[in-house]
Amino acid sequence: DTGVSQDPRHKITKRGQNVTFRCDPISEHNRLYWYRQTLGQGPEFLTYFQNEAQLEKSRLLSDRFSAERPKGSFSTLEIQRTEQGDSAMYLCASSLSGQGEDGYTFGSGTRLTVV
Amino acid sequence: DQQVKQNSPSLSVQEGRISILNCDYTNSMFDYFLWYKKYPAEGPTFLISISSIKDKNEDGRFTVFLNKSAKHLSLHIVPSQPGDSAVYFCAALDAGGTSYGKLTFGQGTILTVHP
């Protein structure tokens, strides 16, 4: 297993365009999280899946954001009508238990730049 | 409301000496505390965690201390090595209820270890 994979690593898009990111978690992990990190800040929680069910969404996730995890495997995060304020690193993490001892494995992230 | 705070934006240490990174929190419901290390353009890498029922956890050169009464934890790195230079994030986990195991991160501390 190669850990959590995210694609693409970098994305530059024009304001108003739609973008989609993909996350492939560790195969046996049933919990998947999306976070967003801006410069000088720690990662902020966006949304959480247990298997295919999206159980929680942060108020940071406006209606322009949508996430899916079909079949409880990979997940996608789509941003519609991108704004410059969406520029950030988008991180995906997966976990088996949701407890602290397994550390939550993060992917390398997708760096989004909206111009 | 910043529930997890790292008040030192940066720390500079000589190789071989001890690095002490600090973290304060406000939510007494947190069950686990985790430390992550992050290099530029990569996702956070899990270092060490501690349960709220313990006051110390050690793993090689890394030791985390938890003072629940003060709502304070610290990460000690001994001896510090130049390869430890990175951003260190403190994170807290409320494993119960409707929090679904999501992590709340501090702002990070940039550690620089000089040869």
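Predicted model, so just to flag it, every value in this text is computed and none were measured. Going along each chain's sequence as written, the residues are numbered from 1 onward. Chains carry letters and ligands carry numbers; both start at the beginning, A for chains and 1 for ligands, and go up in the order they are written. Local features in this predicted model are restricted to residues whose pLDDT is 70 or higher, and side-chain atom pairs enter the listing and the counts only when it is 80 or higher, whereas totals over whole chains, interfaces and linings include all residues. Calculation of side-chain values draws on the structure's entire complement of heavy atoms; hydrogens and water are dropped beforehand.

Visitor: How would you explain the side chain of Ser-52 of chain B if you had to name every residue and give the values?
Guide: Residues and elements named next belong to chain B. Each helix is a run of DSSP H or I of at least 4 residues and each strand a run of E of at least 2, with the numbering of both proceeding from the N terminus. Position of Ser-52 among the secondary structure elements: in the loop between β5 (45-51) and β6 (56-59). For Ser-52, a relative accessible area of 13% corresponds to the buried category. If sequence neighbours within four positions are ignored, Ser-52 has contacts with Phe-30, Asp-31, Phe-33, Leu-66 and Lys-68. Each residue gets one of three labels from its accessible area relative to the maximum for its type: buried under 20%, exposed over 50%, partly exposed in between, using a 1.4 Å probe on protein chains only. Note on contacts: a residue pair qualifies if any of its non-hydrogen atoms lie within 4.5 Å across the two residues.

Visitor: How would you sum up the environment of Tyr-39 of chain B? Please name residues and give values.
Guide: Residue and element names in this part refer to chain B. Relative to the assigned elements, Tyr-39 resides in the loop between β4 (32-38) and β5. In this structure, the C-alpha to C-alpha distance between Tyr-39 and Ser-85, residues 46 residues apart in sequence, is 8.3 Å. If we skip the residues at most four places from it in the chain, Tyr-39 touches Gly-83, Ser-85 and Ala-86.

Visitor: Go over the sheet that holds β6 of chain B, please, and point to the residues and values.
Guide: Residue and element names in this part refer to chain B. A strand pair is defined by DSSP finding two or more bridges across the two strands. On the basis of which strands lie adjacent, the open sheet formed by five strands has the order β1-β3-β8-β7-β6 and antiparallel pairing. For this open sheet the edge positions go to β1 (4-5) and β6, each flanked by a neighbour on one side alone. As defined by bridge partners, strand β7 (residues 62-67) adjoins strand β8 (residues 72-77) across six bridges and the pair is classed as antiparallel. Residue Val-64 lies in a different strand from β8, and its bridge partner there is Leu-75.

Visitor: Report on the pattern of salt bridges, specifying residues and quantitative values.
Guide: Pairing between side chains becomes possible if they bear opposite charge and their charged atoms approach one another. Definition used for salt bridges: Asp or Glu carboxyl oxygen within 4 Å of a side-chain nitrogen of Lys or Arg. Evaluation of the coordinates by the stated rule reveals five salt bridges over all chains. The salt bridge involving Asp-84 of chain B is made with Arg-61 of chain B; its shortest N-O contact spans 2.8 Å. Note that Asp-84 of chain B is positioned in the loop between β8 and β9 (86-93) and Arg-61 of chain B in the loop between β6 and β7, a separation of 23 residues in sequence. On the basis of relative accessibility, which here comes to 2%, the residue Asp-84 of chain B falls in the buried class. By sharing partners, the salt bridges in this structure join Arg-64, Glu-83 and Asp-86 of chain A into a single network.

Visitor: Which residues make up the sheet that holds strand β3 (residues 19-24) of chain A, and what are the values?
Guide: Residues and elements named next belong to chain A. Taking strand neighbours across the sheet as the criterion, the four strands line up as β1-β3-β8-β7 in an open arrangement whose pairing is antiparallel. With one partner strand each, in any of the chains shown, β1 (5-7) and β7 (65-68) form the two edges of the open sheet. Across the sheet, the axes of successive neighbouring strands diverge by a mean angle of 15°, strand direction being ignored. The pairing of β7 with strand β8 (residues 75-79) spans four bridges and is classified as antiparallel. If you follow Glu-68 over to β8, its bridge partner there is Thr-76. Orientation is described by axes fitted as lines to C-alpha atoms, over the contacting stretch for helices, and by angles from 0 to 180 degrees between their N-to-C directions.

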